[in-house]
Amino acid sequence: KALGGGFGPGLCFIGAVSSAGKSSVMLQVADNMAKAGNDVIYFTLEMNPKKVLARSISRISFELSNGNSDLALTAGSIINGKKHAGFSAEQKKLLEDSFVEYERIQENLFYQYKLGKIDADYIKTVTEEHMKVLNKKPIVIVDYLQILQPMDSKGTDKQVVDDSVFALKELADNNDLIVIAISSFNRA
């Protein structure tokens, strides 16, 4: 409701304290944007793509089960193939249906994962290459800001974040893109 018509071009931040569900919410946003036909590049700096996929499949299974948490599948049970043997026939069908539903959106989702090795220049390069090759403006999501690698290793933590913010803002403004960065707040 706060966004009204949704996200517009520019740099936007989604922030909260650790473990508040920022990534889960933004994965759902990314899935919905991709489902609507938008290309989405999701830079995940700490969660491997298998876990990202499992979270989306888990959420879809919950939606397809009409909110039945006894039937819906957890991300952990989706990743652990040994647990599949214990699924009921209904849960196996739900898992299959969830993957079919996910296939409808995944063609527009592009995950970038390099544990701790992504900086703002890399994001810019990947995004510009995407635009050049596919001739489409993607929505860019960075999960999350504080663990972007510094572009200049000599700066303080604040300078590193400031440089990353400036580079992401420049990417958004120069290309008329939606760029969303997830940011973790200090609990204090």
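Every value quoted in this text rests on a predicted model; they were computed, and no experiment measured them.

Caption draft 1: Layout of the pattern of salt bridges. In this structure the tally under the stated criterion is nine salt bridges. Between R59 and D31 there is a salt bridge, and its shortest N-O distance comes to 2.6 Å. Of this pair, R59 sits in helix α2 (residues 49–64) while D31 sits in helix α1 (residues 22–35); the two residues are 28 residues apart in sequence, bridging distant segments of the chain. Take D31: its relative accessible area is 1%, and that puts it in the buried class. Counted as one network, the salt bridges with shared partners bring together D31, R59 and E63.

Caption draft 2: Quick peek at the packing of α1 against helix α5 (residues 89–106). Relative to each other, α1 and α5 sit at 70°, their axes nearing to 7 Å. Accordingly, the angle class assigned to the pair α1 and α5 is roughly perpendicular. Here α1 contributes D31, A34 and K35 to the contact with α5, which in turn contributes E101, Y102 and I105. Here the residues of the contact of α1 with α5 sort into three nonpolar, no polar and three charged.

Caption draft 3: Main features of α1. In this model α1 runs 20 Å from its N-terminal to its C-terminal C-alpha over 14 residues, within 8% of the 20 Å that 1.5 Å per residue would give. Every buried residue of α1 is accounted for by K22, S23, M26, L27, A30, D31, M33 and A34. Buried residues of α1 fall within an arc of 165° about the axis and therefore sit on the same side. Taken from the residues just after α1, G37 is the one with a positive phi, measuring 100°.

Caption draft 4: Region of interest: the pairing of strand β2 (residues 40–44). The element β2 is largely enclosed, with a buried count of five among its five residues. Of the two faces of β2, the one holding V40, Y42 and T44 and the one holding I41 and F43 are both buried throughout. Where β2 meets strand β3 (residues 109–113), five bridges bridge the pair, whose relative direction is parallel. Looking at the pairing, Y42 lines up with Y111 of β3.

Caption draft 5: Molecular detail of the packing of aromatic side chains. Inspection of the entire model under this criterion finds two aromatic pairs. Plain terms: the ring middles of F43 and Y122 are 6.3 Å apart, the flat faces sit at 80° to each other, and that makes the pair edge-to-face. Here F43 is found in strand β2, whereas its partner Y122 is found in helix α6 (residues 120–134), with 79 residues between them in sequence. The exposure class assigned to F43 is buried, which follows from its relative accessible area of 0%.

Calculation rules
- Residues numbered from 1 in each chain as written.
- Predicted model: local features only at pLDDT ≥ 70, side-chain atom pairs only at ≥ 80, totals over all residues.
- Heavy atoms only, no water.
- Salt bridge = Lys/Arg side-chain N within 4 Å of Asp/Glu carboxyl O.
- Helix = DSSP H or I, 4+ residues; strand = E, 2+ residues; numbered from the N terminus.
- Buried < 20%, exposed > 50% of the residue type's maximum accessible area, 1.4 Å probe, protein only.
- Axes fitted to C-alpha atoms, helices over the stretch in contact; angles between N-to-C directions.
- Parallel < 35°, antiparallel > 145°, perpendicular 65-115°, else oblique.
- Contact = heavy atoms within 4.5 Å.
- Nonpolar A, V, L, I, M, F, W, Y, C, P; charged D, E, K, R; others polar.
- Expected span 1.5 Å × (residues − 1).
- Arc of directions from axis to C-beta.
- Pairing = 2+ DSSP bridges.
- Phe/Tyr/Trp six-rings, centres within 6.5 Å; stacked < 30°, edge-to-face > 60°.

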